[in-house]
Amino acid sequence: MSTIGLAVMLVAAGPAFQEDGQPGAGQAAAIPVAAGQPVPSPAAPAADPGPAVPAADPPPLEAPVAVPVPAQAPAPASAEGDNVIIVSADPRASRVDPLAGINVASFEAIEAIDKAVVAPVAGNYEKIVPKPVRNGLRNVLANLAEPIVFLNYLLQFKPGKALETVARFGINSTIGVAGLFDMAKRKPFHLPYRPNGFANTFAYHGIGNGPYLFLPVLGPTTARDLVGRLLDVAVVPTAVGSPFNTSAYSIGTGVVKSLNDRVEFDGNIAANRSSADPYVATRDFYLKRRQAEIDALHSAAYRARKGIPDPVSPPVPAIPEAPVPVPVEPAP
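Residues numbered from 1 in each chain as written. Predicted model: local features only at pLDDT ≥ 70, side-chain atom pairs only at ≥ 80, totals over all residues. Heavy atoms only, no water.

What follows concerns the overall build of the chain. The helix and strand tally for the chain stands at 11 helices and two strands. When its helices and strands are written in sequence order, the chain yields α-α-α-α-α-α-β-β-α-α-α-α-α. Among the 332 residues that make up the chain, the fraction classed as buried is 23%. Here the chain displays about 23,400 Å² of accessible surface, and carbon together with sulfur accounts for 67% of that area. (Helix = DSSP H or I, 4+ residues; strand = E, 2+ residues; numbered from the N terminus. Buried < 20%, exposed > 50% of the residue type's maximum accessible area, 1.4 Å probe, protein only. Areas by Shrake-Rupley, 256 points an atom, 1.4 Å probe, with all protein chains shown as cover.)

A few words now on the pairing of strand β1 (residues 212-215). In the sheet, β1 pairs with strand β2 (residues 219-222) via four bridges, with the strands oriented antiparallel. In the strand pairing of β2, Leu-213 is matched with Thr-221. A loop of three residues connects β1 with β2, the two strands running antiparallel in sequence, and Val-217 in this loop sits at a positive phi of about 70°. (Pairing = 2+ DSSP bridges.)

Taken as a whole and assessed by the stated rule, the structure comprises five aromatic pairs. Centroid distance Phe-107 to Phe-214: 5.1 Å. Interplanar angle 75°. Geometry classified as edge-to-face. Taken as a pair, Phe-107 in helix α2 (residues 100-128) and Phe-214 in strand β1 lie far apart in primary sequence, 107 residues in all. Comparing Phe-107 with Phe-214, the two get one shared label, buried. Relative to Tyr-279, the ring of Phe-107 lies with its centre 5.6 Å away and its plane at 75°, an arrangement referred to as edge-to-face. Placement of the pair is Phe-107 in helix α2 and Tyr-279 in helix α10 (residues 278-295), with a sequence separation of 172 residues. Grouping residues by exposure puts Phe-107 and Tyr-279 together as buried. Of the aromatic side chains, those joined through ring pairs into one cluster are Phe-107, Tyr-212, Phe-214, Tyr-279 and Tyr-286. (Phe/Tyr/Trp six-rings, centres within 6.5 Å; stacked < 30°, edge-to-face > 60°.)

On the surface, Ile-113, Val-117, Val-118 and Val-121 cluster together into a nonpolar patch covering about 310 Å² of accessible area. Summarising the element assignment, Ile-113 is placed in helix α2. (Patch = residues over 30% accessible without salt bridge, like charges linked within 9 Å, V, L, I, M, F, W, Y side chains within 5 Å. Salt bridge = Lys/Arg side-chain N within 4 Å of Asp/Glu carboxyl O.)

With respect to the helices and strands, the residue His-190 is situated in the loop between α5 (159-174) and α6 (198-204). Remark: the alpha-carbon pair of His-190 and Arg-168, spanning 22 residues in sequence, is separated by 9.5 Å. Beyond its immediate sequence surroundings of up to four residues, His-190 is in contact with Ala-184 and Lys-185. (Contact = heavy atoms within 4.5 Å.)

Take unusual backbone geometry next. The step from Lys-187 to Pro-188 runs through a cis peptide bond, and the omega angle for that step is 0°. Structurally, the position occupied by Pro-188 is in the loop between α5 and α6.

This brings us to the confidence of the model for the chain. When pLDDT drops low, the exact placement of atoms in the prediction is not to be read closely. The pLDDT averaged across the chain works out to 79; a share of 67% of its residues lies at or above 70. In this model, residues 1-37 is a region of pLDDT below 50 whose contacts with residues beyond four sequence positions or in other chains number 17 contacts. A low-confidence stretch, residues 75-89 (pLDDT under 50), is modelled with two contacts involving residues beyond four sequence positions or located in other chains. (pLDDT = per-residue confidence, 0-100.)

For the rest of this paragraph, the subject is helix α3 (residues 131-144). Because each turn of an α-helix spans 3.6 residues, side chains separated by three or four positions end up pointing in the same direction. The end-to-end C-alpha distance of α3, which contains 14 residues, comes to 20 Å, matching closely the 20 Å that a straight helix rising 1.5 Å per residue would cover. Among all positions of α3, only Arg-134, Gly-136, Ala-142 and Asn-143 are buried. Buried-residue contacts for α3 involve α2, α4 (146-155), α5 and α8 (247-264). (Expected span 1.5 Å × (residues − 1).)

Following the sequence through the fold, Ser-258 ends up in helix α8. Sequence separation between Ser-258 and Val-118 is 140 residues, and the spatial gap between their C-alpha atoms is 9.4 Å.

At a minimum axis separation of 4 Å, α8 and helix α9 (residues 266-273) run at an interaxial angle of 60°. By the criterion of interaxial angle, the relationship of α8 to α9 is oblique. Note on element contacts: α9 touches α8 through Asp-266, Ile-269 and Arg-273, opposite Arg-262, Val-263 and Glu-264. Looking at side-chain class alone, the contact of α8 with α9 contains two nonpolar, no polar and four charged residues. (Axes fitted to C-alpha atoms, helices over the stretch in contact; angles between N-to-C directions. Parallel < 35°, antiparallel > 145°, perpendicular 65-115°, else oblique. Nonpolar A, V, L, I, M, F, W, Y, C, P; charged D, E, K, R; others polar.)

Shown next, in the form of structure tokens:
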């Protein structure tokens, strides 16, 4: 190529950049590109690009696939030795009544017998036998128990009350016609009857109730009171002999005492039956009454020193009155 031809070509091309930094003629403008995007290729100045080919659409977004989450495994059973607390709402399941299942069955059976047999017989006994006669029979049985009361006051280290018991027994056995009349509690003697027995002596010396029991004939009792009762009925027949050791005496006095007790506690029995749980009501009343009797064996000074409240026998629950029907007038 000649020198003249080369000069003509340079003049036609012009300068690549002007002095202000803008692109000159024949120079493609710079395209700003964001960071991370591909740099577009500069278009060819002379070549025909041909028909435009539309860009392919991006593939549609697929719906997210739900990944099943496995159910949480149950907590492992507590290892041996862990503390496990079991709460029972049944008031019968208590420390004082571990034999509740047997006691409830006995209670229900005896209740059925009482409603069918004992209660009607006791009701007829109350109607037929006048109250003074019933009281006289009760006085005779109490007088026969005075030797037991005397012995247990000695075992409780109460010689004063033991001597009062001897005086009561002497007065009622003579002036009171073999105990038929309780003359010792009247003027001028003023010696009231104080029941006592081996069960009280055991409790006085700190022996606990033991399991609660509900037994035929005896009804509500405890292991301690049961042992004490057996000793009470065995001392006189063993020490004295006939006629106290005969079956006629034991059966006769047992029947009379049971009928008198059934008449005396009729209101209490009816109130317990009307409660939400007759078994629990019967048990709680007996245990509270026995605790009051045991607390009364101690002096006021002893109770104050030990923080024992003054003995108060539980009141007999009231029998709910039947609702009075309201007459309904017929619609006109």
